[in-house]
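# Understanding the architecture of this molecule
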Amino acid sequence: MTSESQNGDKSEQARKIFLEQIDAIRVAAFKAAPNHSLIGDIVNDVFVRFVENAEKWDYSGNCGPLLRQITANIALEYWREHLRHQPESLQNVAEYTRNLQEENINDRPTRAMKLKALELCMENLSAEHRELLEAHYIKGVPIKELAELFHKNVNALYSFFTRIRNVLEKCVESKLEGELADVEL
């Protein structure tokens, strides 16, 4: 089999996969397009790019995520082009918004920071309270069984877990706002 016929087979396979995924591509284009009148153009560009690069793709798995990523990339190109033709004031607003989003992403506490704060807050609890929390949330022991093991009322334990979650949540927030910035992870 010649390389031309292999490329033809790959292109045909790409075309079939594209047609199978066309609805998902349209949805992705609808979500990402700067203007809904551009959805058809984006879908067409996805088709062209997917078929042009047919020899690069591995068709053994699900190509849906690949096609959605190509769609997102092409929509981003359309956004960039769209912004180039906007008045400078709108470009400034878009840049300001983008910078705010990046700042918010950088200011968010990481999972490791939250876990460290939770560990610090857990240390402040009594041994019995820690034992109850670990049994229920880590070991998965149902509250009814815990009530029997610890000779507690079931409703009282439900109330306890509600209160302790609120206390831990406030403690974690305060640790993240202040003290944790100085703690090494």
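Above this note sits the structure.
Summarised in this report is the structure supplied together with it. Sequence order as written defines residue numbering, which begins from 1 separately in each chain. Residues qualify for local features only when their pLDDT is at least 70, as the model is predicted, and side-chain atom pairs are given and counted only at 80 or more; totals for whole chains, interfaces and linings, by contrast, use all residues. Only hydrogens and water are removed before side-chain values are computed, so all heavy atoms of the structure are retained for them.

## Points about the overall build of the chain
Put simply, the rule is: Runs of H or I in DSSP of at least four residues are treated as helices and runs of E of at least two as strands, each being numbered from the N terminus. Every residue pair with non-hydrogen atoms within 4.5 Å of one another is taken to be in contact. Only the protein chains shown count as cover for residues, and all accessible areas are computed by the Shrake-Rupley method using a 1.4 Å probe.
Counting its secondary structure elements, the chain contains nine helices and zero strands. Partitioning the contacts of the chain with sequence separation of at least 6, the portion at a separation of at least 24 is 64%. As displayed, the chain offers around 13,000 Å² of accessible surface, 51% of which is attributable to carbon and sulfur atoms.

## Notes on the pattern of salt bridges
Put simply, the rule is: Between Lys or Arg on one side and Asp or Glu on the other, a salt bridge is scored when a side-chain nitrogen of the former is within 4 Å of a carboxyl oxygen of the latter. For every residue, the accessible area obtained with a 1.4 Å probe (protein chains only) is divided by the maximum for its type, and the residue is called buried under 20%, exposed over 50%, and partly exposed between those limits.
A full pass over the atoms with the stated rule returns four salt bridges. Notably, a salt bridge pairs aspartate 23 with arginine 26, separated by 3.7 Å at the nearest N-O pair. Here the residue aspartate 23 and the residue arginine 26 both occupy positions in helix H2 (residues 22-32), the gap between them amounting to three residues, near one helical turn. Taking the relative accessible area as the measure of exposure, aspartate 23 reaches 55% and is therefore exposed. Judged by its relative accessible area of 44%, arginine 26 is partly exposed. For arginine 49, the salt bridge goes to glutamate 77, with nearest N and O atoms at 3.2 Å. Of this pair, arginine 49 sits in helix H3 (residues 39-52) while glutamate 77 sits in helix H4 (residues 64-84); the two residues are 28 residues apart in sequence, bridging distant segments of the chain.

## Considering the environment of aspartate 58
The topology assignment puts aspartate 58 in the loop between H3 and H4. In this structure, the C-alpha to C-alpha distance between aspartate 58 and alanine 14, residues 44 residues apart in sequence, is 9.9 Å.

## Quick word on unusual backbone geometry
Of note, histidine 151 is a non-glycine position whose phi angle comes to about 55 degrees, a positive value. Tracing the backbone shows histidine 151 in the loop between helix H8 (143-149) and helix H9 (154-177). The exposure class assigned to histidine 151 is exposed, which follows from its relative accessible area of 74%.

## A few points about H3
Put simply, the rule is: Working rule for helices: expected span equals 1.5 Å times residues minus one. Arc definition: directions from the helix axis to the C-beta atoms.
With 14 residues, H3 extends 20 Å between its outermost C-alpha atoms, agreeing within 8% with the 20 Å of an ideal straight helix rising 1.5 Å per residue. Of all the residues in H3, the buried ones are Ile39, Ile42, Val43, Val46 and Phe50. Relative to the axis of H3, the buried residues are bounded by an arc of 100 degrees and lie together on one face.

## Let's talk about the nonpolar core
Formally: The nonpolar core is taken to be a set of buried Ala, Val, Leu, Ile, Met, Phe, Trp, Tyr and Cys residues, with the residues joined through side-chain atoms within 4.5 Å.
With 20 residues, the main nonpolar core has Phe18, Ile42, Val43, Val46, Phe50, Tyr59 and Leu67 as its most contacted residues. Mapped onto this core, the elements with two or more residues apiece are helix H1 (3-20), H2, H3 and H4. Apart from the residues lying within four places of it in its own chain, the contact partners of valine 46 are Phe18, Ile25, Leu67, Ile70, Thr71 and Ile74. In this structure, Cys121, Leu133, Leu146 and Ile164 belong to the second largest nonpolar core, which totals 19 residues.

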